[in-house]
Amino acid sequence: MIEDKLTPFLGNWILDTEASDFEQGEPPKGATLKIEDNFGMAIFTMNQVSADGEVTNDTFEAVPDGPEVKLGKSGLVDAMRLVFDGDRNLVSEARRGGLTIMKAERELSDDGQTLTVTQTVHLVDVASFTNISVYRKAQ
């Protein structure tokens, strides 16, 4: 079942800034990621403190291996999908006009204590940038 595959990803995760590598933007002072299961719907809550102290909070939800979800008029993306790539990799794609403009691969370590998020942003006609965020499971 999907819930069984999602379970190892659930919980509170804390960014290990020293182990992370950012090509785009300044690394944050700190960040947390919370992944919850709401009856098969994965809910991601991200909180971040930027290098200059600005706090940002963001949430998105999707059904793993479910249909692509159409989004409102955010201006940046119009659809989102979330899929498993094996048992230890949960991938989200933000799409616009059928093209993937942001992909986040969440790879769980064998011991389930580290979540490495490789996020690639494709800027049309410019370049692609990859940020690697390493999160440790909160105890």
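Scroll up to find the structure this text is about.
Residues numbered from 1 in each chain as written. Predicted model: local features only at pLDDT ≥ 70, side-chain atom pairs only at ≥ 80, totals over all residues. Heavy atoms only, no water.

Undergrad: Go over the overall build of the chain with me, naming the residues and quoting the values.
TA: The helix and strand tally for the chain stands at 1 helix and 11 strands. For 139 residues, the compact-globule estimate of 2.2 N^0.38 gives 14 Å, and the chain sits close to it at 15 Å. Oriented by its inertia axes, the alpha-carbon framework of the chain measures out at about 40 × 35 × 25 Å. The buried share of the chain, taken over its 139 residues, is 32%. (Helix = DSSP H or I, 4+ residues; strand = E, 2+ residues; numbered from the N terminus. Rg over C-alpha atoms; globule rule 2.2 N^0.38 Å. Buried < 20%, exposed > 50% of the residue type's maximum accessible area, 1.4 Å probe, protein only.)

Undergrad: Report on the side chain of Glu93, specifying residues and quantitative values.
TA: Positionally, Glu93 belongs in strand E8 (residues 89-96). A polar contact is formed between the side chain of Glu93 and the side chain of Thr100, at a distance of 3.2 Å. The residues contacting Glu93, other than those within four sequence positions of it, are Ala79, Met80, Arg81, Thr100, Met102 and Lys103. (Polar contact = N/O pair within 3.5 Å; in protein donor to acceptor, adjacent residues only side chain to side chain. Contact = heavy atoms within 4.5 Å.)

Undergrad: How would you explain the side chain of Ser92 if you had to name every residue and give the values?
TA: Positionally, Ser92 belongs in strand E8. Look past the residues within four positions of Ser92 in its chain and what remains in contact with it is Phe60, Met80, Arg81, Leu82, Met102, Lys103, Ala104 and Arg106.

Undergrad: So what's going on with the pairing of strand E10 (residues 114-123)? Residues and values would help.
TA: Here strand E9 (residues 99-108) pairs with E10 via 7 bridges, running antiparallel. Each residue of the ladder has a partner; that of Glu105, found in E10, is Thr118. Counting the residues between successive antiparallel strands, the hairpin from E9 to E10 contains 5 residues, one of them, Gly112, with a positive phi of roughly 75°. Pairing between E10 and strand E11 (residues 127-137): 10 bridges, direction antiparallel. Bridging from a neighbouring strand, Gln119 pairs with Asn131 of E11. (Pairing = 2+ DSSP bridges.)

Undergrad: Can you explain the pattern of salt bridges? Please cite residues and give values.
TA: Evaluation of the coordinates by the stated rule reveals 6 salt bridges. Each member of the salt-bridge network shares a partner with another, and the members are Glu68, Arg81, Glu93 and Arg95. (Salt bridge = Lys/Arg side-chain N within 4 Å of Asp/Glu carboxyl O.)

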